[in-house]
Amino acid sequence: MTEMNFDAFGLATPILAALKHAGFVKPTPIQQGAIPHGLAGKDVLGLAQTGTGKTAAFALPILQAMAGHKLHNRRFSTRALILAPTRELAVQIEQEFKKFGAGLGLRVVLIVGGVGRSGQVARMSRGADIVVGCPGRVLDLMNTKELIIDQCQFFVLDEADRMLDLGFFPDIRKIVTHLPTRRQSALFSATMPAEIAKLAEGLLHDPVRVTVAAVASTPARIAQSVHFVEGAQKRELLVQLLRDPAFTRAIVFTRTKRGADRVALQLNGAKISATSLHGNLSQNARQRALDAFKSGEARVLVATDIAARGIDVSGVSHVVNFELPNEPESYVHRIGRTARNGAEGVAVAFCDATELPYLNQIEKLTGIKMQVASGTRPAQAMPVKKPQRHPDMVVRKAKPATAPGAKLGAKPRRPQYQEKRAKVA
Ligand code: AMP
């Protein structure tokens with residue numbers, strides 16, 4: 001592909017100024033591939049994962065189309081609808097629209113669950129240009145006519161594969177029946193299983209297909225290694241590793257929500273500032289956790305896959321797989337949180353004897369044999385002990401502790417609350 005920069009797209013001056021201000025000079029491959037078609041009014045089917053620059057790939061053509069056009073003020077109505085699978089991703093997309101559309105005077109409204117709906121309804125009552133939301137709350141507001149999409153000219157479905165995993169397809173099908181047939185649409189997904197291909201066929205009109213880097217490719221800039229360690233020794237090893245100041249900003253992945261809480265508590269006990277992020281936290285607690293991590297108040301973020309999906313924090317020095325995921329693709333997504341925007345990164349995996357099959361699958365997918373940092377590779381995998389109940393269901397006696405995801409140094413939680421959380425988890 002020829003070298004080019006953003007000037008070549010003929011974007012409006014305020015958008016170009018915002019791109020310059022954000023330090024975007026050269027479009028990424030997905031942007032080079034998708035933006036010209038988006039600007040030409042074509043539907044786009046993008047095969048790309050988070051971290052490739054796909055947000056700007058769909059946002060810039062929409063902003064360009066709206067630049068210089070009279071604002072749309074019909075109450076509760078929007079001119080563009082962007083659906084994302086998680087609240088965190090929706091917030092990030094909203095921020096990108098606001099960043100690049102800053103000089104255009106557009107109204108961007110976020111419609112997500114986990115926070116009160118009245119503020120969102122109040123914003124919608126003045127009409128919106130762009131709504132970014134998650135399917136559940138979007139449908140909720142549509143049902144009460146507090147979000148009207150029958151004049152929506154632009155529709156984007158982001159991370160369709162994750163939407164499918166999370167069971168959002170029935171909601172999405174309901175939502176799209178309310179869209180006008182004359183519209184411009186885009187669908188982005190890291191993978192294209194048959195169900196998504198079918199949905200895309202119904203959603204997109206004669207789309208241009210744009211593909212970038214296969215899911216399995218891990219950036220060469222990420223140094224990957226594995227510690228062979230027994231489950232019971234993992235926390236001690238983690239504390240030991242995190243004492244190294246080179247771990248300036250680390251994300252630790254656990255398999256369960258309760259596991260994330262437990263690891264964060266243990267790290268705080270070892271005087272390592274950590275906060276947890278998972279789907280059981282309220283939207284406010286999640287945002288506080290992310291803010292603490294972004295600001296450096298918490299050096300470590302302990303997260304589950306879904307919560308961490310799509311989060312974009314720059315300068316993540318290390319990703320630790322405290323437990324290996326059972327889907328090798330998740331490993332690739334996880335370690336993609338580091339080494340963003342050309343930086344170097346380190347990915348460390350912990351593997352006990354029961355996780356060996358997961359490690360083998362990961363190495364097969366990435367084609368990289370991981371360097372052994374400590375321990376020895378077991379000759380064969382141990383069978384996984386079947387827990388009586390899901391580990392998240394275990395109710396433990398409450399100990400006063402810092403609320404996961406809460407501001408560090410905040411008052412200990414009330415024991416009753418912790419009991420309740422433990423049951424819900
Ligand atoms: P995304 O895949 O849209 O989540 O983008 C991943 C990260 O790359 C975000 O931090 C973007 O702000 C950043 N980014 C996207 N496109 C560019 C670009 N052309 N130049 C520099 N940074 C970019």
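Quick note: structure is the one above.
### Re the pairing of strand E9 (residues 250–253)
Phase 1: Judged by which residues are buried, E9 turns out to be covered on both faces: Ala250 and Val252 on one side and Ile251 and Phe253 on the other are all buried.
Phase 2: Inspection of the sheet shows E9 paired to strand E12 (residues 318–321) by 4 bridges, in the parallel sense. Among the inter-strand pairings, Ile251 is bridged to a residue of E12, identified as Val319.

### Points about the site of the ligand
Phase 1: The environment of the ligand is formed by 16 residues, the closest being Gln31, Gly51, Gly53, Thr55 and Asp312.
Phase 2: Taking Lys26, its main chain carries an N or O atom lying 2.8 Å from a nitrogen atom of the ligand.
Phase 3: Lys54 has a polar backbone atom sitting 3.3 Å from an oxygen atom of the ligand.
Phase 4: The protein chains hide 87% of the 490 Å² of surface that the ligand would expose on its own.

### Notes on the environment of Ile222
Phase 1: When you line up the elements, Ile222 lands in strand E8 (residues 222–228).
Phase 2: Taking the C-alpha atoms as reference points, Ile222 and Thr338, separated by 116 residues in sequence, lie 7.5 Å from one another.

### Description of the nonpolar core
One recurring pattern in soluble globular proteins: nonpolar side chains tend to sit buried together.
Phase 1: Among the nonpolar cores identified, the biggest contains 46 residues, and Leu60, Ile82, Phe97, Ile130 and Val132 are the most heavily contacted of them.
Phase 2: Considering every element that reaches this core, the biggest residue donor is helix H3 (residues 54–66), with 8 residues.
Phase 3: In contact with Phe97, other than residues within four places in its own chain, are Phe58, Ala59, Ile62, Leu63, Ile82, Val108, Ile130 and Val132.
Phase 4: Ranked by size, the runner-up nonpolar core spans 34 residues in total, among them Leu83, Val131, Ile148 and Ala200.

### A look at the packing of helix H8 (residues 169–176) against helix H9 (residues 194–203)
Phase 1: Between H8 and H9, the least distance of the axes is 12 Å, while the angle of their chain directions is 5°. With respect to each other, H8 and H9 are oriented roughly parallel. Facing Phe169, Arg173 and Val176 of H8, the residues of H9 in contact are Glu195, Ile196, Leu199 and Leu203.
Phase 2: Broken down by class, the residue content of the contact of H8 with H9 amounts to 5 nonpolar, no polar and 2 charged.

Definitions and cut-offs
- Residues numbered from 1 in each chain as written.
- Predicted model: local features only at pLDDT ≥ 70, side-chain atom pairs only at ≥ 80, totals over all residues.
- Heavy atoms only, no water.
- Buried < 20%, exposed > 50% of the residue type's maximum accessible area, 1.4 Å probe, protein only.
- Helix = DSSP H or I, 4+ residues; strand = E, 2+ residues; numbered from the N terminus.
- Pairing = 2+ DSSP bridges.
- Near = heavy atom within 4 Å.
- Polar contact = N/O pair within 3.5 Å; in protein donor to acceptor, adjacent residues only side chain to side chain.
- Areas by Shrake-Rupley, 256 points an atom, 1.4 Å probe, with all protein chains shown as cover.
- Core = buried A, V, L, I, M, F, W, Y, C linked by side-chain atoms within 4.5 Å.
- Contact = heavy atoms within 4.5 Å.
- Axes fitted to C-alpha atoms, helices over the stretch in contact; angles between N-to-C directions.
- Parallel < 35°, antiparallel > 145°, perpendicular 65-115°, else oblique.
- Nonpolar A, V, L, I, M, F, W, Y, C, P; charged D, E, K, R; others polar.

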